[in-house]
Amino acid sequence: MTALLQVKDLKKYFPIRGGILNRVVNNVQAVNDVSFGVREGEVVGLVGESGSGKTTVGRTLLRLEEATSGTVTFDGTDILTLPKEDMRKFRKRMQIIFQDPYASLNPREKIRTVIGHALTQHQIGTPEDREDRIVRLLEQVGLSADYMDRFPHEFSGGQRQRIGIARALAVDPDFVVADEPVSALDVSIQAQVINLLDDLRGQFNLTMLFIAHDLAVVEHICDRVIVMYLGRIMEIAPAGTLYSAPNHPYTQALLSAVPIPKPGRKLARVVLKGDIPSPINPPSGCVFRTRCPLAVADCAAVVPVLKQIGSDHFSACILTA
Amino acid sequence: MTEAVALSLSNGPDSRKAAVWRKHTGLIVGATLLGVILLSSLFAGFISPHDPLQHDLRNTLQPPRWAHPFGTDNFGRDIFSRVLHAAKLDLMIGFLCVLFPWMLGTALGAIAGYFGGAVDTVIMRVVDTFSAFPFLVMVIGIIAILGPGLMSMYIALTLAGWSMYARLVRAEVLVVKKAEYVLAARALGYLHGRIMFRHILPNVITPTIIFAMTDIVLVILSTTSLSFLGLGVQPPMAEWGIMISEGKGFILTAWWMVTLPGLAIVLVGLALSLLGDGIAKLLRERA
Ligand SMILES: Nc1ncnc2c1ncn2[C@@H]1O[C@H](COP(=O)(O)OP(=O)(O)O)[C@@H](O)[C@H]1O
Ligand SMILES: [Mg+2]
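About the thresholds
Residues numbered from 1 in each chain as written. Chains lettered and ligands numbered in written order. Predicted model: local features only at pLDDT ≥ 70, side-chain atom pairs only at ≥ 80, totals over all residues. Heavy atoms only, no water. Pairing = 2+ DSSP bridges. Helix = DSSP H or I, 4+ residues; strand = E, 2+ residues; numbered from the N terminus. Axes fitted to C-alpha atoms, helices over the stretch in contact; angles between N-to-C directions. Contact = heavy atoms within 4.5 Å. Core = buried A, V, L, I, M, F, W, Y, C linked by side-chain atoms within 4.5 Å. Buried < 20%, exposed > 50% of the residue type's maximum accessible area, 1.4 Å probe, protein only. Near = heavy atom within 4 Å. Polar contact = N/O pair within 3.5 Å; in protein donor to acceptor, adjacent residues only side chain to side chain. Areas by Shrake-Rupley, 256 points an atom, 1.4 Å probe, with all protein chains shown as cover. Nonpolar A, V, L, I, M, F, W, Y, C, P; charged D, E, K, R; others polar. Patch = residues over 30% accessible without salt bridge, like charges linked within 9 Å, V, L, I, M, F, W, Y side chains within 5 Å. Salt bridge = Lys/Arg side-chain N within 4 Å of Asp/Glu carboxyl O.

### Quick look at the sheet that holds strand β8 (residues 207-212) of chain A
Residue and element names in this part refer to chain A. In spatial order, the strands read β6-β7-β8-β3-β9-β10-β12-β11; together these eight strands make up an open sheet with mixed pairing. Because the sheet does not close on itself, it has two edges, and the strands there are β6 (94-97) and β11 (307-310). Here the average twist between neighbouring strands, direction ignored, is 20 degrees. Pairing of β11 with strand β12 (residues 313-315) involves three bridges; the strand directions are antiparallel. Of the residues in β12, the one forming a bridge with G310 is H313. The strands touched by helix α1 (residues 54-61) are β3 (43-47), β6, β7 (175-179), β8 and β9 (224-229); relative to β8, the strand with the most contacts, the crossing angle is about 155 degrees.

### Some points on the nonpolar core
One broad trend across soluble globular proteins is that nonpolar side chains are buried collectively. By size, the foremost hydrophobic cluster in this structure holds 76 residues, and its most contacted members are I115(A), I165(A), F210(A), L215(A), V218(A), V225(A) and I200(B). In this structure, V225(A) is in contact with G45(A), V47(A), L215(A), V218(A), E235(A), I236(A), A237(A), A239(A) and L242(A), ignoring residues within four places of it in sequence. If you look at the next biggest cluster of nonpolar residues, it comprises 47 residues, including Y154(B), Y165(B), A271(B) and L275(B).

### Some remarks on the site of ligand 1
Residue and element names in this part refer to chain A. The full set of residues close to ligand 1 is F14, V28, A30, E49, S50, G51, S52, G53, K54, T55, T56 and P279. Take G51: an N or O atom from its main chain is 2.6 Å from an oxygen atom of ligand 1. At 2.5 Å, a side-chain N or O of T56 approaches an oxygen atom of ligand 1. Relative to its free-state accessible area of 560 Å², ligand 1 is covered by the protein chains to the extent of 66%. Secondary structure elements with two or more residues in the shell around ligand 1: β2 (23-39) and α1. For the shell around ligand 1, the element with the highest residue contribution is α1, accounting for three residues. The residue makeup of the shell around ligand 1, split by class, is four nonpolar, six polar and two charged.

### Examining the pairing of β7(A)
All names here are of chain A. Counting buried positions along β7 gives five out of five residues, so the element sits mostly inside the fold. Of the two faces of β7, the one carrying F175, V177 and D179 and the one carrying V176 and A178 are both buried. Where β6 meets β7, four bridges bridge the pair, whose relative direction is parallel. Among the inter-strand pairings, Q95 is bridged to a residue of β7, identified as V176. Strand direction decides the pairing type here: β7 and β8, joined by five bridges, are parallel. Bridge pairing links A178 to F210 in β8.

### Considering helix α9 (residues 180-187) of chain B
All names here are of chain B. By the criterion of burial, α9 is predominantly enclosed, with seven of the eight residues buried. Within the sequence span of α9, burial applies to E180, Y181, V182, L183, A184, A185 and A187. In the segment just after α9, G189 is the residue with positive phi, at about 80 degrees.

### Focus on the side chain of T207(A)
All names here are of chain A. Its place among the elements puts T207 in strand β8. You can call T207 buried: its relative accessible area is 1%. Within the structure, the side chain of T207 is placed 2.8 Å from the backbone nitrogen of G41, a separation counted as a polar contact. With residues up to four places along the chain from it excluded, the contact list for T207 reads L4, V38, R39, E40, G41, E42, D174, F175 and V176.

### Focus on a nonpolar patch on the surface
A surface patch of nonpolar side chains, amounting to about 400 Å² of accessible area, comprises L294(A), V296(A), V302(A), I318(A) and L319(A). Assessed through its relative accessible area of 42%, L319(A) is described here as partly exposed.

### Some words on the side chain of S163(B)
All names here are of chain B. Within the element layout of this structure, S163 appears in helix α8 (residues 150-176). Owing to a relative accessible area of 2%, S163 belongs among the buried residues under this scheme. Sequence-distant contacts of S163, defined by excluding residues within four places in its chain, comprise V127, F130 and S131.

### Quick notes on the pattern of salt bridges
All names here are of chain A. Under the definition given, this model contains 27 salt bridges over all chains. Measuring nitrogen to oxygen at the nearest pair gives 3.5 Å for the salt bridge that ties R39 to E42. The class for R39 is partly exposed, based on a relative accessible area of 23%. The salt bridge partner of D75 is R93, with a shortest N-O separation of 2.8 Å. Linking D75 in the loop between β4 (69-74) and β5 (77-78) with R93 in the loop between α2 (84-90) and β6, this pair joins segments that are 18 residues apart in sequence.

Structure (structure tokens):
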């Protein structure tokens, strides 16, 4: 099956300016040589500690940040080079759900406007049936149509996140980036919102990139999982394989941090020492080597490439035979 | 004893009113004072007992008394009537000379912050240039070039005042444009105009209004100072600065010519300061 979305050698550096001439003195290497594909109808998890570049990947795909280099092909179109006006039309097909439900809604817009304008912008439906569409969307995300004329501050975090989901789905996108959509919510509400996304995925025929900072959240909803660390991909595997037979030491460390391991899952407890290094001066060779319990001298020499080690399973570690 | 009084206050039926009063004393006093001043200036034509420009050479330099509550000046003009008419002019100048810089500064600051890059650099260099001069020095310099008068004063105060607003708005826009709701708007392909007017400006405007409320006091004081120096409003129009200027030669024989217009300036300044601080407090609580 061909990929709906193909990312190749994506790189995003944020320049750091300084000095009296305001010249670029250094770069934050937020995303480095990231390549992966997402197949139609698939939900792919993107996992890694905070600061590993997940948000930047998601935003660069939608051109909310401009990539430093690399290509993103969506359904045959190279979107990073698309002229602004063409991109504007294309945006209907790719949407995003944000992490912070309190920051993702304009405090001065009623829900009717939040969703309604997405429809008018992309000329979806006739002016008469837009009201019905808004009602239907609200119901699909589990909100009452009575909420239409309320402002964001009248809602709870979970409700706001549902509104954000409705806004993203209003234009009937093919592909959605969900950037830690439940991280900011109460634990009691997280499962509801994940289940909602799982339902909507079927109803809207969605392909999704689901970002999370730990593996516990993605297990339920993802078909495949990409593990990222300090701007680079460490491992890609089908969700089942990743949980039962993680290859990369970083994945193993993340998994051993998941609170309730499944019965029968036997894993050495790997505890990461220290903090994630600065992306301004990432370690040479394998970026994970400074915290890796298995690191050897060679790890500093070359950046390991993603090697196929099984069906749909790739890992970037020189210790992998 | 005091405690008992406080207790009975907080439990009484009026306790809510009392709490509002305690919290917003400045706002209420300022608004009332300014309201009275505004109303009397609007109805100056009805309230004032005399024509503010009418000379009466038989009644010059009269001290305050019933027929002339604020006395008369060296031409026999009624000072009370002149103070009232001047209020209308000074308040209008103050309002417009804050409105124009606010609009210019907000527009340029928002464009600089939103588009960034070369646009930002150019606009901010102009802002730097304009804010390099002390306020009054620039105002007087511009009036010196354009010649004294009301129109020159509008232009001078606008050119000298806008850069503060531009700085303020740009800084706010830089923060808000990174907000996720603005990213969401961009992800939906909204046009710059909508993002600017619906998503960014409404969320950056509050601090500029707070600043404008304090700025208006400074502007009114500048207006009267300039007119006092003969650079702004020109005689024979009734304006507080002019009246003080005309009265300064008679300060020993007719104290009311200088003192009473001066008192009007103090009252307006006080009212606007109280109101400005009160509104700032209110908006900050809301935000
Ligand atoms: N606009 C920016 N300017 C400079 N550095 C940034 C910017 N956005 C993100 N970064 C940096 O890029 C790195 C990756 O950030 P991010 O993509 O937000 O990671 P994650 O979502 O995995 O937590 C971090 O070190 C972060 O500080
Ligand atoms: Mg993130």
